[in-house]
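Structural characterization, general
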Amino acid sequence: MPDTDVDTFADFIATQVLDPWKGPKKVPAEEYYTSGHRTCQGCESAQLMKLMAKAGGPRSIVLGATGCMYVANTTYYSTPWAIPWMHTQLGSAGSAATGTAAGLKAMMRKGKMKKEPINVIAVCGDGGGADMGLSAISAALQHTQYNLLILLYDNESYANTDIQVSGSSPWGANSTFSPPGKVKRIMNRRWKKNTAAMLASGHPECRYVATVCTAYPVDAMNSVRKALTIGGPTFVHSLDPCPKGWDYDPMYSHELGELAVETGIWPLYEVEEGKLKMCGKSKRIVSGQFKRKPVREYLKRQGRFAHFTDEDIEYFQSKIDDMWETWLIPGVIPFAAA
Amino acid sequence: MTPPDLAVAEKIEGPSGETEELISGSEAIAHACRLADVDVITAYPIRPYDTVMQYVSQMISNGDFDCEFIVAESEHSQFEIVKHASVVGARVFCGSSGVGWFYAFEALAVTAGLRVPMVAMVGNRALDDPGAFGVEHNDALAVRDLGWMLNWVSTAQEALDTALIAYRVAEDKRVSLPCAISCDGAFLTHSQTLVKVPAQETVDSFLPPYDRAEKQLHPDNPITIAPQVNEDWLMEMRRQNDMAMRRARGVIIEAYEDFNAKFGRSGEPFIERYMMDDAEIALVGMGTLAMPVRVAVRKMREQGKKVGFVRVRWFRPFPTIELQDVLGGVHAVGVIDRDYSFGSAFHSGVLATEVRSALYPMESPPKVISFIAGLGGREVSADNVIEMADMAFDAAGGGDINDQDTHWIGVRE
Ligand SMILES: Cc1ncc(C[n+]2csc(CCOP(=O)(O)OP(=O)(O)O)c2C)c(N)n1
Ligand code: SF4
Ligand SMILES: [Mg+2]
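Residues numbered from 1 in each chain as written. Chains lettered and ligands numbered in written order. Predicted model: local features only at pLDDT ≥ 70, side-chain atom pairs only at ≥ 80, totals over all residues. Heavy atoms only, no water.

So, about the interface of chain A and chain B. Between chain A and chain B, the contact holds 48 residues from the first and 40 residues from the second. Each partner contributes to the roughly 3500 Å² buried at the junction of chain A and chain B, and carbon and sulfur atoms together form 59% of this total. By the criterion of area lost to chain B, the three top residues of chain A are Tyr76, Met86 and Gln89 of chain A, representing 19% of everything that side buries. Viewed at the interface, chain B and chain A are joined by seven salt bridges. Applying the counting criterion to the chain A and chain B interface returns 24 residue pairs in polar contact (both at pLDDT 80 or more). Ranked by the residues each element gives to the side of chain A that touches chain B, the list is headed by helix H3 (residues 93-109) of chain A, at 12 residues. Split into classes, the residues belonging to the side of chain A that touches chain B amount to 24 nonpolar, 17 polar and seven charged. Sheet analysis places strand S2 (residues 85-88) of chain A next to strand S10 (residues 224-225) of chain B, joined by two bridges and oriented parallel. The residue of S10 of chain B that forms the bridge with Met86 of chain A is Ile225 of chain B. (Contact = heavy atoms within 4.5 Å. Buried area = accessible area lost by both parts, 1.4 Å probe. Salt bridge = Lys/Arg side-chain N within 4 Å of Asp/Glu carboxyl O. Polar contact = N/O pair within 3.5 Å; in protein donor to acceptor, adjacent residues only side chain to side chain. Helix = DSSP H or I, 4+ residues; strand = E, 2+ residues; numbered from the N terminus. Nonpolar A, V, L, I, M, F, W, Y, C, P; charged D, E, K, R; others polar. Pairing = 2+ DSSP bridges.)

Residues and elements named next belong to chain A. Throughout the structure, instances matching the rule amount to 24 aromatic pairs over all chains. The interplanar angle of 65° and the centroid separation of 5.6 Å between the aromatic rings of Trp171 and Phe308 together place this pair among those described as edge-to-face. With Trp171 in the loop between strand S4 (148-154) and helix H6 (195-202) and Phe308 in the loop between helix H11 (295-299) and helix H12 (310-325), the pair connects residues that are 137 residues apart, well separated along the chain. Residue Trp171 shares its accessibility class with Phe308, and that shared class is buried. (Phe/Tyr/Trp six-rings, centres within 6.5 Å; stacked < 30°, edge-to-face > 60°. Buried < 20%, exposed > 50% of the residue type's maximum accessible area, 1.4 Å probe, protein only.)

Before going further, it helps to spend a moment on the domain arrangement of chain B. Residue and element names in this part refer to chain B. Segmenting chain B into domains produces domain 1 (8-263) and domain 2 (271-408). A straight line from the C-alpha centre of domain 1 to that of domain 2 covers 28 Å. Between domain 1 and domain 2, the residue contacts involve 27 residues of the former and 24 residues of the latter. Overall, the association of domain 1 and domain 2 removes approximately 2400 Å² of surface from exposure, summing both partners, and the carbon and sulfur fraction of that is 57%. It is Arg144, Trp152 and Arg249 that lose the most area in domain 1 upon contact with domain 2, and together they represent 22% of the buried surface on that side. (Domains from an automatic or database assignment.)

Moving on, we get to the coordination of the magnesium ion (ligand 3). Residues and elements named next belong to chain A. Looking at the magnesium ion (ligand 3), one finds its protein donor set to be Asp126 (OD), Asn155 (OD1) and Ser157 (O), positioned 2.0 to 2.1 Å from the metal centre. Taken in sequence order, the residues that donate to the magnesium ion (ligand 3) follow the motif D-x28-N-x1-S. For the pair shown, Asn155 and Ser157 are each scored as buried. (Donors = N, O, S within 2.8 Å, 3.2 Å for Na, K, Ca; no water.)

With that settled, the discussion passes to the environment of Ile252 of chain B. All names here are of chain B. Within the secondary structure, Ile252 is located in helix H9 (residues 234-263). Judged by relative accessible area, Ile252 falls into the buried class, the value being 0%. Considering only alpha carbons, one finds Ile252 and Ile165, 87 residues apart in sequence, at a separation of 7.9 Å. Setting aside residues up to four positions removed in sequence, Ile252 forms contacts with Val169, Pro269, Phe270, Trp314 and Pro317.

Our next topic: the side chain of Glu270 of chain A. Residues and elements named next belong to chain A. Along the chain, the position of Glu270 falls in strand S7 (residues 269-272). You can call Glu270 buried: its relative accessible area is 8%. Side chain to side chain, Glu270 and Tyr208 meet in a polar contact 2.5 Å long. Among the polar contacts listed, one links the side chain of Glu270 to the side chain of Lys226, at a separation of 2.8 Å.

With that settled, consider the confidence of the model for chain A. All names here are of chain A. Per-residue confidence for chain A averages 96 on the pLDDT scale, and 96% of its residues sit at or above 70. Within chain A, helix H2 (residues 68-71) has the poorest average pLDDT of any element, 95, and strand S6 (residues 233-239) the best, 99. Scored below 50 in pLDDT, residues 5-10 shows 10 contacts in the model against residues more than four places distant or in partner chains. (pLDDT = per-residue confidence, 0-100.)

This part covers the site of ligand 2. In the vicinity of ligand 2, the contacting residues are Thr39, Cys40, Cys43, Cys68, Asn155, Cys242, Pro243 and Lys244 of chain A. Grouping the constituent residues of the shell around ligand 2 by class yields five nonpolar, two polar and one charged. (Near = heavy atom within 4 Å.)

What follows covers helix H7 (residues 156-171) of chain B. End to end, H7 of chain B covers 23 Å across 16 residues, agreeing with the expected 22 Å (1.5 Å per residue, within 8%). Burial analysis of H7 of chain B places 16 of its 16 residues in the buried class, the great majority of the element. (Expected span 1.5 Å × (residues − 1).)

So, about the side chain of Arg301 of chain B. All names here are of chain B. Inspection of the secondary structure assignment puts Arg301 in helix H10 (residues 290-302). A polar contact is formed between the side chain of Arg301 and the backbone oxygen of Met275, at a distance of 2.8 Å. Beyond its immediate chain neighbours, meaning those up to four positions away, Arg301 contacts Met275, Asp278, Ala279, Lys306, Val307 and Gly308.

Residue and element names in this part refer to chain A. The final tally for this structure, using the stated rule, is 49 salt bridges over all chains. A salt bridge links Lys281 to Glu262, with the shortest nitrogen-to-oxygen separation between them at 2.8 Å. Within this pair, whereas Lys281 is found in helix H10 (residues 280-287), its partner Glu262 is found in helix H9 (residues 253-262), the two being separated by 19 residues in sequence. A salt bridge links Asp310 to Arg296; the shortest N-O distance between them is 3.5 Å. Placement of Asp310 in helix H12 and of Arg296 in helix H11 is noted, with a sequence separation of 14 residues between them. Taking relative accessible area as the criterion, Arg296 reaches 36% and is therefore assigned partly exposed.

This brings us to the sheet that holds strand S8 (residues 275-278) of chain A. Strand order in the open sheet formed by nine strands is S8(A)-S7(A)-S5(A)-S6(A)-S4(A)-S3(A)-S1(A)-S2(A)-S10(B), with mixed pairing between adjacent strands. Single-partner strands in this sheet number two, and they are S8 of chain A together with S10 of chain B. Bridging between strand S1 (residues 60-65) of chain A and strand S3 (residues 119-125) of chain A involves five bridges; their strand directions are parallel. Its bridge partner being in S3 of chain A, Gly64 of chain A is matched across the sheet by Val123 of chain A. Along the sheet, H6 of chain A makes contact with strand S5 (208-213), S6 and S7 of chain A, crossing S6 of chain A at roughly 165°. (Axes fitted to C-alpha atoms, helices over the stretch in contact; angles between N-to-C directions.)

Structure below.
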């Protein structure tokens, strides 16, 4: 960027350097998301909160949009957060992060607060982030003068309000707004949004966008650490199995996360400084070292797809096949060259 | 709209570094932001308030003012951004008009609920539909129940002074509530008058730095803000906000006294009394309406008609005591609303309903005649005012003017 003389750009406030943890044994024991929450047993979004807080560490501020990770997490007088935490409105994750980062930056520049890099992390669900709050997140990703991370926990429904279909719910999934009935079997006819790639490709100045899954906890934490270290506005999208919304026994949360990746439904990748890198099993799917499991193995494990016919499953499979076989960038960018 | 050029404004140096400049209400507010050393400002375009942001951005690009200036992607984000900036300790400013203010409504509600002491400017504008640019007060009035302090100013000087007072009151620990300054669109936002712009030192002696203390969100103070509550706690929290608004009254009085001592101007805090000493009937209104009303009052006084005018400066907290005091002795009160409240008691505007309610417990309250005038920026002429005053005189003399209905003035039926 050309030297823009006066003020804001000149006094860039550095980020914390958070090196990746090489394996679970290197991860410190300290927890910053502790007891006090009342999320469902097997809630992977709660797991993500714990991992994120660990990854960011004590010099972090967390903003949480309305949703399960607010309502089930922070009952008055029993907060699980050992780091500063504040509620923000359902569609406000982008604005909350921007405002917090801007406030800190202004105060530090003007000598009203001690200068130090503080992690600013805003957390939102798929409903709050990928539907209602999309424009605010988009705006946040353009303000490159602020260091902030937007972490989207995707449980594929408006879970807190009793599991309603969102723009990130899978095609055909049963929810309280898309119940299969006597005449209509498939009420949700929308295909899941491709949020992370949309944000990465739509915001070329954004230096880090990644997808993660809590079934791979060390990778998820390292993604958060990388996002916070790289600086500027960054975005991480996590797929979180939700026993209540997906209708399965809580003991299978971890397994379902793995299956989402292994079937190719949830591709893992990161876009760092404009370079795309496939990660984990998704990388091996692309290179042909790992053969995608049939989506049936994933769908059949969840009550939300119990009404699927063989034809429905085949349709689902064909859409996932397209994703890896015909997309311009397999699993990421959905156009085929004309 | 051409971007404003600060260099054009005339500057006349006054006592103790104060300058006198020919500026609009919007530019006066921008000066207040600079003088208050605001840390974070967010903007989004909508007329007429957005002229403030044109001046602010020019001050920043000229190096006259240092703050984070963020052009948001919506009013909702505009207000959410500053809310969060305020919670980490930054002094913030924001504003909007008409439907823009409504687009931010959720954020406005939580800002008051959380008792974030931000200062906002509302450039009053009619709500869509149909799209219209002119002034109506329904935009700002919509937050009247939420815990926002609200005031209406009538000159650019008052806009500047009130913005400084607003920061002091809002940030006072006894209050800690947001405050919105309403400026009539076009009439005030865009009209230039000579304004005394105070020196930085005088402002600094009046306005202490913003200090959130134990409520600051920071890693050194790892608190949880706005956790979920139920019927077990919400009522106590609402009660605390109620108490804060009650305490605001005394803090406002204190601030005006100190402002007067330091700047040599401010006037009575809650209301302006114009020729009320021996008035038999009174007109009541807010904002720039004061101009034609004062002219009409003087004209009528020349004809020996004992009419006065009360301009409500603070709508929240509502000046119940002052209105009882000033209106208690008159025979009839004509309230002029530049707003509507369809389906309300007597089909009145919002101000008339509040005034009636404030006067009701008095032993022999005056008759209240309610008028709706000047909607959508339609001019309220001195003749319109005389028409309203005559109706109030008629009611006072036992005439057949209906005080159980509302009279629309200057409307084609
Ligand atoms: C403006 C607004 N509309 C609706 C709601 C009701 N609401 C509360 S939580 C929630 C669900 C949010 O879904 P998501 O963001 O996916 O988070 P999850 O509940 O799944 O964790 C909704 C719709 C709200 N709080 N605010
Ligand atoms: S409904 Fe789902 S996301 Fe919400 S607390 Fe339960 S498991 Fe977690
Ligand atoms: Mg969700």
